[in-house]
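# Descriptive analysis of the structure
One letter stands for each residue in the lines below.
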Amino acid sequence: MPRVVVFDQFGGPDVLHVVEEPAAEPAAGEVRVRIEAFAVNPLDQMMRAGNSPAPVPLPHARLGVEGTGVVDALAPGTTGLAIGDPVILAAVPDASVRGSYAEYTTAPASRVIARPAGLGVTEAAAIWVAFSTAYGALVEKAGLRPGDHVLITAASGAVGRAAIQIANQIGAVPIAVTRHTAKKQELLAAGAAEVIATDHDDIAPAVRHRTGGAGADLVLDLVMGPGQPDLLKAARPGGTLVAAGFLDPRPTPFPAAPLTIFRYMGFEHTLDPVVVNRMAAFLTAGVRLGALRPAIDQVFALDDIAEAHRHLEKGHHAGKIIVTV
Ligand SMILES: NC(=O)c1ccc[n+]([C@@H]2O[C@H](COP(=O)([O-])OP(=O)(O)OC[C@H]3O[C@@H](n4cnc5c(N)ncnc54)[C@H](OP(=O)(O)O)[C@@H]3O)[C@@H](O)[C@H]2O)c1
């Protein structure tokens, strides 16, 4: 019998458990995917703990917004896909009947993209959320252009690393921010043009120095909280800040700066099949050219799902946490 991860109450990693149940049949317009691997995301942790903006109906809630596998069944009339096609789930959270933490899930055919050739299973499981978020925020939302200086917070995380690679693919100049000087070399090797370590450097003067006094054209803020004013000071007047993450739970001061400020949720784009196609084209080209490659931190087995969540919560990972099925 196929296995699926569920939880019946909100709480710590141990609320997650594996049950056996029949795989659902795809409804009209849907496919069923036999999952080979999935990624663990901060959103999953929030959904499990009961802190998520996405609704989570208990009991028997499911998790997982990204993963990879092969098409296993198609609803009658579904076109463009065939049984056996390797795919990536570009899904939105739906804790009631779907979720990639399972051997099988159904998904609307419009939210399944072809797996780019040249990606292994663990990398394919790791690419969608990080890269579609970074691409959506930087390119679709903020209009990143070649030559722009882009300041990237939480740069050693999955979205941050994706943002560094995407900036390089576009021809922009990625300036990475980490809290730790010890991560500088690693981030330079990951493609950052400059790394600012906040345990040693002040962000605004460092950015002004790197940009000839002008300031960053674009800021990707994945942290928010009381550190955001320093990012605003580092941006050029008329620049753009995109707030796409919230790693610091403390309040964010009201932004006072002559900038365009966006809040960004990837689902505003991943619900639009036209943008999903653009994202898929960008990712596939980047993989083919060797410009885009997700960083993998550690791979767990399905039975160790609680351990995978504990690893995420410790916060020492560098890149994606993957579970193979
Ligand atoms: N808008 C969307 O659609 C969307 C989609 C995906 C993710 N997100 C959000 O984006 C954020 C990043 O996600 P991710 O998957 O890249 O996370 P991640 O892989 O867990 O990376 C987090 C990195 O951020 C830094 N960090 C952690 N806590 C921090 C804090 N309190 N202050 C400053 N830096 C901190 C750490 O780097 P250092 O130790 O080097 O500083 C860490 O390596 C999360 O808030 C996530 O929920 C949003």
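Preceding this paragraph is the structure being described.
What comes next concerns the included structure. The model shown is predicted, which means the values in this text are computed figures rather than measured ones. Every chain begins its residue count from 1, and numbering advances along the sequence as written. Restriction of local features to residues with pLDDT of at least 70 applies here, the model being predicted, together with a cutoff of 80 or more for giving and counting side-chain atom pairs; totals for whole chains, interfaces and linings are based on all residues. Side-chain descriptors were evaluated using all non-hydrogen atoms of the structure, hydrogens and water having been removed beforehand.

### As for the pattern of salt bridges
The working definition used for a salt bridge is a side-chain nitrogen of Lys or Arg within 4 Å of a carboxyl oxygen of Asp or Glu. Across all of its chains, the model carries 20 salt bridges by this definition. With a shortest N-O distance of 3.4 Å, Arg98 and Asp94 are connected by a salt bridge. Each residue is assigned to one of three classes by its accessible area relative to the maximum for its type, calculated with a 1.4 Å probe on protein chains only: buried under 20%, partly exposed between the two thresholds, exposed over 50%. In this structure Asp94 comes out as partly exposed when scored by relative accessible area, which is 24%. A salt bridge links Lys184 to Asp201; the nearest nitrogen and oxygen atoms lie 3.3 Å apart. Linking Lys184 in helix H4 (residues 184–189) with Asp201 in the loop between strand S10 (194–197) and helix H5 (203–210), this pair joins segments that are 17 residues apart in sequence. For Lys184, a relative accessible area of 24% gives the class partly exposed. Numbering of helices and strands starts at the N terminus; helices are DSSP runs of H or I of at least 4 residues and strands are runs of E of at least 2.

### Let's talk about unusual backbone geometry
With omega at -5°, the peptide bond leading from Leu58 into Pro59 counts as cis. When you line up the elements, Pro59 lands in the loop between helix H1 (42–49) and strand S4 (66–74).

### Section: the nonpolar core
Definition of nonpolar core: a set of buried residues of the types Ala, Val, Leu, Ile, Met, Phe, Trp, Tyr and Cys, connected through side-chain atoms within 4.5 Å. Val40, Trp128, Leu138, Ile166 and Leu220 are the most contacted members of the largest nonpolar core, which has 76 residues in total. Broken down by element, this core gets its largest block of residues, 11 residues, from helix H2 (residues 121–141). When near neighbours in sequence (up to four residues on either side) are disregarded, Val40 contacts Tyr101, Ile305, Ala308, His309, Leu312, Ile321 and Val323. Ranked by size, the runner-up nonpolar core spans 17 residues in total, among them Ile196, Ala216, Met224 and Leu241. By definition, residues are in contact when any of their heavy atoms lie within 4.5 Å.

### Re the site of the ligand
Only a single heavy atom is needed: when it lies within 4 Å of a molecule or strand, its residue is near that molecule or strand. In the region of the ligand, 22 residues are neighbours, and Ser156, Thr178, Ala244, Gly266 and His317 sit closest. Between N or O atoms, a polar contact is any pair within 3.5 Å; within protein, one atom must be a potential hydrogen donor and the other a potential acceptor, and residues adjacent in sequence are included only when both atoms are from side chains. Between an oxygen atom of the ligand and a side-chain N or O atom of Lys183, the distance comes to 2.8 Å. Contacts to the ligand include Phe246, whose backbone N or O atom sits 3.0 Å from an oxygen atom. Only the protein chains shown count as cover for residues, and the accessible areas themselves come from Shrake-Rupley with a 1.4 Å probe. For the ligand, the protein covers 87% of the area, taking 930 Å² as the surface of the free molecule.

### Here we look at the sheet that holds S10
In spatial order, the strands read S10-S9-S8-S11-S12-S13; together these six strands make up an open sheet with parallel pairing. Each having just a single partner strand, S10 and strand S13 (260–263) make up the two edges of the open sheet. Between one strand axis and the next, the sheet turns through 20° on average, direction left out of account. Any two strands are treated as partners once DSSP identifies two or more bridges connecting them. With three bridges connecting them, strand S8 (residues 149–152) and strand S11 (residues 216–221) associate as parallel partners. Bridged to Leu151 within S11 is Val219. Packed onto the sheet, H5 meets S8, strand S9 (173–178), S10, S11 and strand S12 (235–243) and runs at close to 165° relative to S10. Angles here are taken between N-to-C directions and fall from 0 to 180 degrees, while the axes themselves are lines fitted to C-alpha atoms, restricted in helices to the stretch in contact.

### Notes on the pairing of strand S15 (residues 320–324)
Regular strands place side chains that alternate from one sheet face to the opposite one. Taken across its five residues, S15 has four buried, putting it largely inside the fold. Pairing of strand S3 (residues 30–40) with S15 involves four bridges; the strand directions are antiparallel. Bridge pairing in S15 links Val40 to Ile321. With five bridges connecting them, strand S14 (residues 296–301) and S15 associate as parallel partners. Bridge assignment links Gln298 to a residue of S15, and that residue is Ile321. Each parallel crossover has a hand, and the one from S14 via helix H9 (residues 305–314) to S15 is right-handed. Viewed with both strands pointing away, a crossover whose connecting path from the first strand over the helix to the second turns clockwise is right-handed.

### Examining the packing of aromatic side chains
The rule is short: rings of Phe, Tyr and Trp, with Trp giving its six-membered ring, pair when the centres are within 6.5 Å, and they are stacked under 30 degrees, edge-to-face over 60, tilted in between. Evaluation of the coordinates by the stated rule reveals three aromatic pairs. Taking the centre distance of 6.4 Å and the plane angle of 55° together, the rings of Phe7 and Phe10 count as tilted. Ring centres of Phe38 and Tyr101 lie 4.4 Å apart, and the angle between their planes is 20°; this geometry places the pair in the stacked category. One end of the pair, Phe38, is in strand S3; the other, Tyr101, is in the loop between strand S5 (86–90) and strand S6 (104–108), and 63 residues separate them in sequence. For the residue pair Phe38 and Tyr101, the accessibility class agrees, reading buried in each case.

### Regarding the side chain of Arg48
Considering the arrangement of structural elements, one finds Arg48 in helix H1. A polar side-chain atom of Arg48 sits 3.4 Å from the main-chain carbonyl oxygen of Gly12. Other than its neighbours up to four places away in sequence, Arg48 contacts Phe7, Gln9, Phe10, Gly11, Gly12, Pro13, Val15, Leu16, Leu63, His309 and Glu313.

### So, the side chain of Lys320
For Lys320, the position within the fold is in strand S15. Overall, the relative accessible area of 4% leaves Lys320 in the buried class. Polar side-chain contacts of Lys320 include one of 2.6 Å to the side chain of Asn41. Setting aside chain neighbours within four positions, we find Lys320 in contact with Ala39, Asn41, Glu66, Ala126, Val129, Ala130, Ala158, Ala295, Ile296, Asp297 and Gln298.

### Some words on H5
Among all positions of H5, only Ile203, Ala204 and Val207 are buried. The buried residues of H5 occupy an angular sector of 95° when the element is viewed end-on, so they sit on one face. H5 presents Pro205 and His209 as exposed residues on the side facing more than 90 degrees away from its buried surface. On its buried face, H5 sits against S8, S9, S10, S11 and helix H6 (228–234). Gly212 sits one or two positions beyond H5 and adopts a positive phi of about 65°. Relevant arc is that of directions from the helix axis to the C-beta atoms, nothing else.

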